[in-house]
Amino acid sequence: VSLCVETAKLLKNQGIKARVISMPSTTLFDEQSFEYRASVLIDGVPAVSVEAMSTYGWTRYAHESIGIDTFGVSGPYKEAYKHFGLIPDVVADKVKKVVAFYKKERFVPSLVRKYFH
C-alpha cells in the first residue's frame, strides 16, 4: 500500500488525481453489495491494480495491472521491486499512460457492470 500512496503523491504533484484502495481479499469485496462495489470501482474512472505478486485475477478489478509475472529474481525486496518497476516513479509513469489512453478513447469500460451486475 505504501508504494501506491507514494505513487498517488507523485501523480497529485503532476495534476492527476488518484485514489488508493486496499483490497486484501477479493472474495470479501465480491460479497459486498453492488452499491458498495460501484462506489469503489467508479464508472468512468480508469482503475490500475498494483500487486507485488502475480497480476493474475486482477482484470476483474482493474483496467490495467502492474505486478510480477515472471520468476528468477531474488534478493532484498527493495532491489527486487526496483528490478520489476515496483517503485513510485515507474508506477506513476504507467498510470499516466493508462489515463492518457482512456482520455484519448473518451470512454472507460465499466468494471462493476461487466463483472458484478
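Everything numeric here is computed off the predicted structure, so don't read it as measured data. (Residues numbered from 1 in each chain as written. Predicted model: local features only at pLDDT ≥ 70, side-chain atom pairs only at ≥ 80, totals over all residues. Heavy atoms only, no water.)

Caption draft 1: Broad picture of empty space enclosed by the protein. This structure, assessed with the given rule, holds one cavity of 30 Å³ or more. Taken together, the residues that form the lining of the largest cavity break down as six nonpolar, two polar and one charged. (1 Å grid on protein atoms, 1.4 Å probe; cavity = no way out; pocket = protein on both sides within 12 Å on 5 of 7 lines; lining within 4 Å. Points joined across faces, edges and corners; volume = space filled by probe spheres on them. Nonpolar A, V, L, I, M, F, W, Y, C, P; charged D, E, K, R; others polar.)

Caption draft 2: Looking closely at the nonpolar core. Among the nonpolar cores identified, the biggest contains 11 residues, and these are M23, F29, V40, L41, A47, W58, Y61, A62, L111, V112 and F116. Here the element with the most residues in this core is helix α6 (residues 111–116); it accounts for three residues. Ranked by size, the runner-up nonpolar core spans 10 residues in total, among them I68, F84, L86 and A92. (Core = buried A, V, L, I, M, F, W, Y, C linked by side-chain atoms within 4.5 Å. Buried < 20%, exposed > 50% of the residue type's maximum accessible area, 1.4 Å probe, protein only. Helix = DSSP H or I, 4+ residues; strand = E, 2+ residues; numbered from the N terminus.)

Caption draft 3: Summary view of the layout of surface pockets. Its volume calculated, the largest pocket comes out at about 1,200 Å³. C4, R19, I21, V48 and V50 are the residues nearest the centre of the largest pocket, which is lined by 39 residues in total. Going through the elements one at a time, α1 (2–13), β1 (48–50), α4 (77–83) and α5 (88–105) are the ones with two or more residues in the lining of the largest pocket. In terms of residue count, the dominant contributor to the lining of the largest pocket is α1 (seven residues).

Caption draft 4: α1, seen in detail. Helix length check: α1, at 12 residues, gives a terminal C-alpha distance of 17 Å against a target of 16 Å (1.5 Å per residue), a fit within 8%. Three or more residues of α1 are buried, namely L3, T7, A8 and L11. Taken around the axis of α1, the buried residues stretch over an arc of 130°, which confines them to a single face. Within α1, the exposed residues directed more than 90 degrees away from the buried face are S2, K12 and N13. (Expected span 1.5 Å × (residues − 1). Arc of directions from axis to C-beta.)

Caption draft 5: Just the UniProt feature "domain: Transketolase-like C-terminal" (unreviewed entry) in the chain, in detail. Sequence positions flagged by UniProt for "domain: Transketolase-like C-terminal" (unreviewed entry) are, in local numbering, residues 1–86. For residues 1–86, the helix share is 36%, the strand share is 7%, and the end-to-end C-alpha distance is 11 Å. (UniProt positions renumbered as here; feature names shortened; annotations may be inferred.)

Caption draft 6: Summary view of the confidence of the model for the chain. The predicted model of the chain averages 94 in pLDDT, with 99% of residues at 70 or higher. Averaged over each element, pLDDT in the chain is lowest for α6 (80) and highest for α1 (98). (pLDDT = per-residue confidence, 0-100.)

Caption draft 7: Here's a closer look at α5. The terminal C-alpha atoms of α5, which comprises 18 residues, lie 26 Å apart, in line with the 26 Å expected from a rise of 1.5 Å per residue. For α5, the full list of buried residues reads V91, A92, V95, V98 and Y102. When α5 is viewed along its axis, its buried side chains cluster within an angular range of 120° and face the same direction. In α5, the exposed residues that point more than 90 degrees away from the buried face are K97, K103 and K104. Contacts from the buried residues of α5 go to α1, β1 and β2 (64–66). (Contact = heavy atoms within 4.5 Å.)

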